[in-house]
Amino acid sequence: MRIPNQSIGEDGGVSLWPAPHTEHPVHATVTLPGSKSITNRALILAALADRPSTITGALRSRDTDLMIAALRSMGAEISGDADTLAVTPASLTGATVDCGLAGTVMRFLPPVAALARGDVAFFGDDQAALRPLHTILDALRGLGADIDGDTLPFTVHGGGALRGGSVTIDASGSSQFVSGLLLSAARFTDGLTVHHKGAPLPSMPHIEMTVQMLRQADVEVTAPTDPRREQVWTVAPGPIHGVDWEVEPDLSNATPFLAAAAVTGGEVTIPHWPQLTTQPGDVIREILVRMGAEARRAHGKLVVRGPDRLAGIDIDLHDVGELTPTVAALAALADSPSRLRGIAHLRGHETDRLAALSTEINRLGGKVTETEDGLLIVPTPLQGGPWHSYADHRMATAGAILGLRVPGVHVEDIGTTAKTLPDFVSLWETMLSGDGVLPADDAAESAH
């Protein structure tokens, strides 16, 4: 096993990280911080609540720190160290908001800004200007908001209140458009009814997460019983109650570590895996089993054991698109072809993930074809080389997975993982060192 230095330099200051390579099965227990998706939703609900809230197990990463800074700048009091936060709501005021490259900041906060008194100016990273925002901004205009601009940078001229009412949107580009409207809707004068009209909604589990958390805050929400047939959500006007939130571990951030077990024929344990969750990352259990691994959960732990040979997979990832980079890396190392479907919306994520994955795997000698709604991946022998991350945290971790089996992979800008997992490099190297291994429970239950 080889654990290299964290980074080396390249001309122009680009940081390259020699991805650790191993010829041996990985055996480790990896404890992960909280979910970004839950943390940022909890922060917004706490800032809009009728009394103080606490958030325990909060993720501290670039995306969540941007959300904290934005809400503070708009008037909320947020204090606390590490993963425990106390949030005291206050009257919202004008501010300047740095979105970075965080979809949850640029899409969840404009409705909050419409409730502020004063102008809220939004800006972000250069790449953020490419992320679609017109759906949420046009929806807010239809509900009575005054907004200049359709992409970053833009300004919301907050009037202290928002009429609300009914709006029809095409949210097929991102479920965040629906969640962003729902999170603030109880504070709208007339509440809100959101109709989705268009191609099927991606990432439905994230909308279910939003609805569940609103109900935990005693907000009255009506959600479709069969979202495939009827896609209408209604939020009644009223208070958002303060809640003592407990944040689950980020299951999507767990997937690269579980993939390490799968591709090396090893075993990785993730403690505190919830029995019931709305996080899309939980689907990785089913995916790994279908590709030949064992995935068993019991006593709050998930244990994944890798197979001797990893099988390809034909799968629709529409509802769990954020898992695509991990699954693509697994597929490139499998012994039979894979087809990843239903993920055309990934072209509007941090980068065009379909183009990025096909380009980077093919750069290493792979055979990946981009389709209208996904990827076809035919495993071929890979060789080392640079792996570009495109400032996308999940692209960076996909490169790390490939590096386990392919010597000489150098991941550009591994630091972009700080977007949702600041300690990725140390966690990855500790996993490979075998330190802190806990025995798997032989009584663990099947993933099914």
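These numbers come from a predicted model, not from an experiment.

Conventions used here
- Residues numbered from 1 in each chain as written.
- Predicted model: local features only at pLDDT ≥ 70, side-chain atom pairs only at ≥ 80, totals over all residues.
- Heavy atoms only, no water.
- Helix = DSSP H or I, 4+ residues; strand = E, 2+ residues; numbered from the N terminus.
- Rg over C-alpha atoms; globule rule 2.2 N^0.38 Å.
- Buried < 20%, exposed > 50% of the residue type's maximum accessible area, 1.4 Å probe, protein only.
- Pairing = 2+ DSSP bridges.
- Expected span 1.5 Å × (residues − 1).
- Bend = angle between axes of the 7 residues up to and from the residue.
- Polar contact = N/O pair within 3.5 Å; in protein donor to acceptor, adjacent residues only side chain to side chain.
- Phe/Tyr/Trp six-rings, centres within 6.5 Å; stacked < 30°, edge-to-face > 60°.
- 1 Å grid on protein atoms, 1.4 Å probe; cavity = no way out; pocket = protein on both sides within 12 Å on 5 of 7 lines; lining within 4 Å.
- Points joined across faces, edges and corners; volume = space filled by probe spheres on them.
- Contact = heavy atoms within 4.5 Å.
- Axes fitted to C-alpha atoms, helices over the stretch in contact; angles between N-to-C directions.
- Salt bridge = Lys/Arg side-chain N within 4 Å of Asp/Glu carboxyl O.

### Details of the overall build of the chain
If you tally the helices and strands in the chain, you get twelve helices and 25 strands. Relative to a compact globule of 448 residues, whose C-alpha radius of gyration would be 22 Å, the chain shows 22 Å and is just as compact. Taking the principal axes of its C-alpha atoms as reference, the chain extends roughly 60 × 45 × 45 Å. Taking all 448 residues of the chain together, 58% fall into the buried category.

### Description of the sheet that holds strand β13 (residues 221-222)
Spatially, β11-β12-β14-β13 is the arrangement adopted by the four strands of the open sheet, whose pairing is mixed. A strand with exactly one partner marks an edge of an open sheet, and here the two such strands are β11 (165-169) and β13. Both β11 and strand β12 (residues 192-196) contribute to a ladder of five bridges, which runs parallel. Looking at β12, one finds that T168 is bridged to H195.

### Here's the deal with helix α7 (residues 251-264)
Every α-helical turn comprises 3.6 residues, leaving residues that sit three or four positions apart pointing alike. Here α7 is 14 residues long and its end C-alpha atoms lie 20 Å apart, about the 20 Å a rise of 1.5 Å per residue gives. Within α7, the axis deviates most sharply at F257, by approximately 25 degrees. Within α7, 14 of the 14 residues are buried, leaving the element largely enclosed by the surrounding structure. For α7, the side-chain oxygen to backbone nitrogen distance between the N-cap and S252 is 3.1 Å, and the N-cap itself is D250.

### Digging into the pairing of strand β14 (residues 232-235)
Of the two faces of β14, only the one carrying W233 and V235 is buried; V232 and T234 on the other face are not. With four bridges connecting them, β12 and β14 associate as antiparallel partners. When the bridges of β14 are listed, L192 appears paired with V235. When β13 meets β14, the two strands line up antiparallel, connected through two bridges. Among the inter-strand pairings, V221 is bridged to a residue of β14, identified as V235.

### Observations concerning the packing of aromatic side chains
Going through the model one piece at a time under the given rule, you end up with five aromatic pairs. When the ring of F122 is compared with that of F154, the centres are 4.6 Å apart and the planes differ by 15 degrees; the resulting orientation is stacked. You can see F122 sitting in strand β8 (residues 117-123) and its partner F154 sitting in strand β10 (residues 154-159), a full 32 residues away along the chain.

### A few points about empty space enclosed by the protein
Here the structure, examined in full by the defined rule, presents four cavities of 30 Å³ or more. Estimated volume of the largest cavity: approximately 340 Å³. Along its surface, the largest cavity is lined by 29 residues, and K36, Q176, H206, E322 and H349 are the ones closest to its centre. Contributing elements (two or more residues each) for the lining of the largest cavity: α1 (36-47), α3 (103-114), α6 (204-216) and α11 (393-405). Size it by volume and the second largest cavity reaches roughly 60 Å³. What lines the second largest cavity is S252, N253, P256, H393, R394, T397, T417, T420 and L421.

### Thoughts on the environment of D83
Residue placement: D83 occurs in the loop between β5 (77-79) and β6 (84-88). With relative accessibility at 38%, the residue D83 sits in the partly exposed group. Distance in space between the C-alpha atoms of D83 and R60 is 6.5 Å, their sequence separation being 23 residues. Those residues within four positions of D83 in sequence are excluded, and the remaining contacts are I55, T56, G57 and A58.

### What about the environment of T54?
Within the element layout of this structure, T54 appears in strand β4 (residues 53-56). For T54, a relative accessible area of 30% translates into the label partly exposed. For the pair T54 and S15, spaced 39 residues apart in the sequence, the C-alpha separation amounts to 37 Å. In this structure T54 touches L85, V243, D244 and W245, once residues within four positions along its chain are discounted. Among the polar contacts made by the side chain of T54, one reaches the side chain of D244 at a distance of 2.7 Å.

### Quick word on the layout of surface pockets
Where empty space is left can be seen by rolling a probe of water-molecule size over the atoms. The volume enclosed by the largest pocket comes to roughly 200 Å³. If you trace the largest pocket, you find 13 residues lining it, with P33, G34, L59, R60 and D423 closest to the centre.

### Regarding the sheet that holds strand β20 (residues 338-341)
Taken in spatial order, the four strands make up an open sheet running β19-β20-β22-β21, and their pairing is mixed. The open sheet has two edge strands with one neighbour each: β19 (314-316) and β21 (367-370). Here the average twist between neighbouring strands, direction ignored, is 10 degrees. The strands that helix α9 (residues 324-332) touches are β20 and β22 (375-378); relative to β20, the one it contacts most, it runs at about 165 degrees.

### Overview of the pattern of salt bridges
Enumeration over the complete set of coordinates arrives at 15 salt bridges. Taking the shortest distance from any N to any O, the salt bridge between D392 and R353 comes out at 2.7 Å. Placement of the pair is D392 in the loop between β23 (385-387) and α11 and R353 in helix α10 (residues 353-363), with a sequence separation of 39 residues. No difference in accessibility class separates D392 from R353, as the two residues are buried. Salt bridges sharing common partners tie together K36, D63 and K419.

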